[in-house]
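# Residue-level structure breakdown
Residue-level listing of the chains:
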Amino acid sequence: GNKGVVLNTKDGGRLWESKSSGTGRTDLNDILFFDDKRGFIAGGSQVFYSGDGGVSWTMLKSLLPHIHWKLAYDRGGEVLVAGNYGIVLKYRLPK
């Protein structure tokens, strides 16, 4: 979301609550969870990982200053991050 805000639901989408992701003022473009604990968000030139259901987020090292737009899971244990200019990054999904 805008300026690091994420929305959370615990009832299948009937009610939503807004909270800060702790990622600063980065506009977030995509979010992808694999289970109730492990997920990624992408925004600006940054990618973040959560292992606690989105309570806290850790910035992952990105060597490229490009905007990260879309996340995808390749079922081989890697997360693909699509960015500007056809850039695709890979991150190994933590266990």
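If you're wondering where the values come from, they're calculated on a predicted model, not measured in any experiment.

The subject of this paragraph is the nonpolar core. Phe40, Ala42, Val47, Tyr49, Leu71, Val79, Val81, Leu89, Tyr91 and Leu93 together form the largest nonpolar core, which totals 10 residues. Listed by contribution, the elements that provide at least two residues to this core are strand E4 (39–43), strand E5 (46–50), strand E8 (78–83) and strand E9 (88–92). The next biggest cluster of nonpolar side chains, apart from the first, holds 5 residues, and it includes Val6, Leu28, Ile41 and Trp57.

Using the criterion set out here, one finds 4 aromatic pairs in the structure. Between Phe33 and Trp57 the ring centres are 5.9 Å apart and the planes differ by 75°, which places this aromatic pair in the edge-to-face class. Of this pair, Phe33 sits in strand E3 (residues 28–33) while Trp57 sits in the loop between E5 and strand E6 (58–60); the two residues are 24 residues apart in sequence, bridging distant segments of the chain. Taking the relative accessible area as the measure of exposure, Phe33 reaches 32% and is therefore partly exposed. Here Trp57 falls in the buried class, since its relative accessible area comes to 12%. Each ring, one from Phe34 and one from Phe40, has its centre 5.9 Å from the other, and the planes form 85°; the classification is edge-to-face. Take Phe40: its relative accessible area is 1%, and that puts it in the buried class. Taken together, Phe34, Phe40, Tyr49 and Tyr73 form an aromatic cluster joined through their ring pairs.

The strand order E3-E4-E5-E6 describes an open sheet built from 4 strands, whose pairing is antiparallel. Looking along the sheet, the strands with just one partner apiece sit at the ends: E3 and E6. Taking each pair of neighbouring strands and ignoring which way they run, the sheet shows an average axis angle of 25°. Note that E3 and E4 share 5 bridges and pair antiparallel. Within E4, the position partnered with Phe33 by the bridge is Gly39.

The rules behind the values
Residues numbered from 1 in each chain as written. Predicted model: local features only at pLDDT ≥ 70, side-chain atom pairs only at ≥ 80, totals over all residues. Heavy atoms only, no water. Core = buried A, V, L, I, M, F, W, Y, C linked by side-chain atoms within 4.5 Å. Buried < 20%, exposed > 50% of the residue type's maximum accessible area, 1.4 Å probe, protein only. Helix = DSSP H or I, 4+ residues; strand = E, 2+ residues; numbered from the N terminus. Phe/Tyr/Trp six-rings, centres within 6.5 Å; stacked < 30°, edge-to-face > 60°. Pairing = 2+ DSSP bridges. Axes fitted to C-alpha atoms, helices over the stretch in contact; angles between N-to-C directions.

The values are spatial; any link to function lies outside them.
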